[in-house]
Amino acid sequence: MDASAVLHITGRILAGPEDVRDELWVVDGRVTYERPRGLRDAVTVRGWALPGLVDAHCHVGLDAHGAVDEITSEKQALTDREAGTLLIRDAGSAADTRWIDDREDLPKIIRAGRHIARTRRYIRNYAHEIEPEDLVAYVRREARRGDGWVKLVGDWIDRDAGDLTACWPRDAVHAAIAAAHEEGARVTAHCFAEDSLRDLADAGIDCVEHATGLTEETIPLFAERGIAIVPTLVNIATFPHLADGGEKKYPRWSDHMRRLHARRYDTVRSAYDAGIPVFVGTDAGGSLAHGLVAEEVAELVKAGIPPLSALSATTWGARAWLGRPALGEGEPADLVVYDSDPRADVRVLAAPRRVILRGRVVQ
């Protein structure tokens, strides 16, 4: 579609959880709710419109073995776009994907730099693998390279313990998070287990990925301090398979992973009920495929989160949390149109009728 063409979106515009309009126009790539003066012709799209979906935990530029080339990264980003994901928080990547910012046809990305992990305590080729005395320096470095986020690996399997344990001493965590905040960056951390969560919360962390180790002791702490979680339930679904693969060598770890998996829905529902902000993320780009955002929203609903809240976790609420616009007057026209009301059935998200990015129909 020509970038100069005026789009007329009509039907139901879900501009906010309680803000429903009948129509909007896209002029010069931006949203307006006022009919353009002198308009004689426009391309009309009918349906139920939402702001472009957000995947708040996605790895463009990674596969199971580490960084990938630009052709593969492009395919990943296009797969997310076709699923309606138009804003990605890239929660750690070893690849340099800044070139994507120059592509008008690819989703917008908010980067967290490269993962920062303890030596031999994360997936090979993914992270800076360092010791605690270097943590602050690496946090400052990645804060300056990223787009306002830093990604720590909070826990991983400890070969000596044969189970998940915290990666960083308490003092190192406090110093690192303080350094990130001095640099103007927020901090998130990969955490499967229970042990690292209190130290991270006490240190002022902003978000935790996965968060399967939340308990009745730490949930109130997260709620009190407004620490967000991104549960990545489509990833947690793989825990039993992972546990089976590690059974012989690490039986304690395997049992722990199965227990975390078994209570995953209860954990997410309890976090939501306590007032912890919950956002949608798929963890695509490692061992998981891209384009799973609709499945993750459906998983949140299955966990007991109300459909409207689950939608907000990938649209209005997620964009506000990340400091990005939704469908306000004059904002960039990034939206997805569906044949029926996604509030009535979130599974509608799996079949976008039209994807509009920067004012262009791209799907």
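As the structure is a computational prediction, the values presented were derived from the model and not from experiment.

Chemist: Before we go on, may I ask you to explain unusual backbone geometry in this structure?
Modeler: A negative phi angle characterises most non-glycine residues, just as the trans form characterises most peptide bonds. Positive phi values are uncommon outside glycine, yet Arg-120 reaches one of about 60°. Counting through the fold element by element, Arg-120 comes out in the loop between strand S10 (116–118) and strand S11 (128–130). Classification of Arg-120 as exposed rests on a relative accessible area of 58%. Phi is positive for Asn-125, close to 75°, though the residue is something other than glycine. Take Asn-125: it is sitting in the loop between S10 and S11. Under the relative-accessibility criterion, Asn-125 is labelled partly exposed at 45%.

Chemist: Even after reading the chapter, I still don't get the pattern of salt bridges, so can you show me in this structure?
Modeler: Between side chains of opposite charge, pairing is possible as soon as their charged atoms come close. A full pass over the atoms with the stated rule returns 29 salt bridges. When the shortest N-O distance is used, the salt bridge between Asp-199 and Arg-170 registers 2.8 Å. In this pair, Asp-199 is assigned in helix H4 (residues 197–202) and Arg-170 in helix H3 (residues 170–182), connecting sequence segments 29 residues apart. Between Arg-258 and Asp-244 there is a salt bridge, with its nearest N and O atoms 2.8 Å apart.

Chemist: I tried to follow helix H10 (residues 293–302) on my own but got confused; where do I start?
Modeler: Residues separated by three or four positions in an α-helix point in the same direction, a consequence of the helix having 3.6 residues per turn. Those residues of H10 not exposed but buried are Val-293, Ala-294, Glu-296, Val-297, Glu-299 and Leu-300. On its buried side, H10 packs onto strand S5 (53–58), strand S8 (85–90), helix H6 (233–236), helix H9 (264–274) and helix H11 (307–312).

Chemist: Quick question: what am I supposed to make of the sheet that holds strand S18 (residues 335–338) here?
Modeler: Two strands in a sheet stick together by hydrogen bonds in their backbones, pointing the same way (parallel) or opposite ways (antiparallel). Across the sheet, which stays open at both edges, the seven strands sit in the order S3-S2-S1-S4-S18-S19-S20 with mixed pairing between neighbours. The two strands at the open ends of the sheet, each matched to only one other strand, are strand S3 (30–32) and strand S20 (360–361).

Chemist: Teacher, can you tell me more about the pairing of strand S13 (residues 155–158) here?
Modeler: Side-chain positions along a regular strand alternate between the two faces of the sheet. In the sheet, S13 pairs with strand S14 (residues 163–166) via four bridges, with the strands oriented antiparallel. Within S14, the residue paired with Asp-158 across the bridge is Asp-163. Hairpin connection from S13 to S14: four residues lie between these consecutive antiparallel strands, with Gly-162 at a positive phi of about 70°.

Chemist: Even after reading the chapter, I still don't get the packing of helix H7 (residues 239–246) against helix H8 (residues 251–262), so can you show me in this structure?
Modeler: The angle between the axes and the distance between the axes are what describe a pair of packed helices. It is the contact of H7 with H8, at a shortest axis distance of 8 Å, that shows an interaxial angle of 170°. Taken together, the axes of H7 and H8 lie roughly antiparallel to each other. Residues Phe-239, Pro-240, Leu-242, Ala-243, Asp-244 and Gly-246 of H7 touch H8, and the partners they reach there are Pro-251, Trp-253, Ser-254, Met-257, Arg-258, Leu-260 and His-261. Tallied by class, residues from the contact of H7 with H8 come to eight nonpolar, three polar and two charged.

Chemist: When you look at the layout of surface pockets in this model, what are you seeing that I'm missing?
Modeler: By rolling a water-sized probe across the atoms, one finds the places where empty space is left. Here the largest pocket is characterised by a volume of approximately 840 Å³. Lining the largest pocket are 32 residues; nearest its centre among them are Tyr-122, Ile-123, Trp-156, Leu-242 and Trp-253. Top element by residues in the lining of the largest pocket is H7. It accounts for four residues. Tallied by class, residues from the lining of the largest pocket come to 14 nonpolar, eleven polar and seven charged. Reported here for the second largest pocket is a volume of approximately 170 Å³. Around the second largest pocket, the lining is made up of 13 residues, and of these Ala-95, Asp-96, Arg-111, Gly-113 and Arg-145 lie nearest the centre. Looking at the lining of the second largest pocket residue by residue, the class counts come to three nonpolar, three polar and seven charged.

Thresholds applied
- Residues numbered from 1 in each chain as written.
- Predicted model: local features only at pLDDT ≥ 70, side-chain atom pairs only at ≥ 80, totals over all residues.
- Heavy atoms only, no water.
- Helix = DSSP H or I, 4+ residues; strand = E, 2+ residues; numbered from the N terminus.
- Buried < 20%, exposed > 50% of the residue type's maximum accessible area, 1.4 Å probe, protein only.
- Salt bridge = Lys/Arg side-chain N within 4 Å of Asp/Glu carboxyl O.
- Contact = heavy atoms within 4.5 Å.
- Pairing = 2+ DSSP bridges.
- Axes fitted to C-alpha atoms, helices over the stretch in contact; angles between N-to-C directions.
- Parallel < 35°, antiparallel > 145°, perpendicular 65-115°, else oblique.
- Nonpolar A, V, L, I, M, F, W, Y, C, P; charged D, E, K, R; others polar.
- 1 Å grid on protein atoms, 1.4 Å probe; cavity = no way out; pocket = protein on both sides within 12 Å on 5 of 7 lines; lining within 4 Å.
- Points joined across faces, edges and corners; volume = space filled by probe spheres on them.

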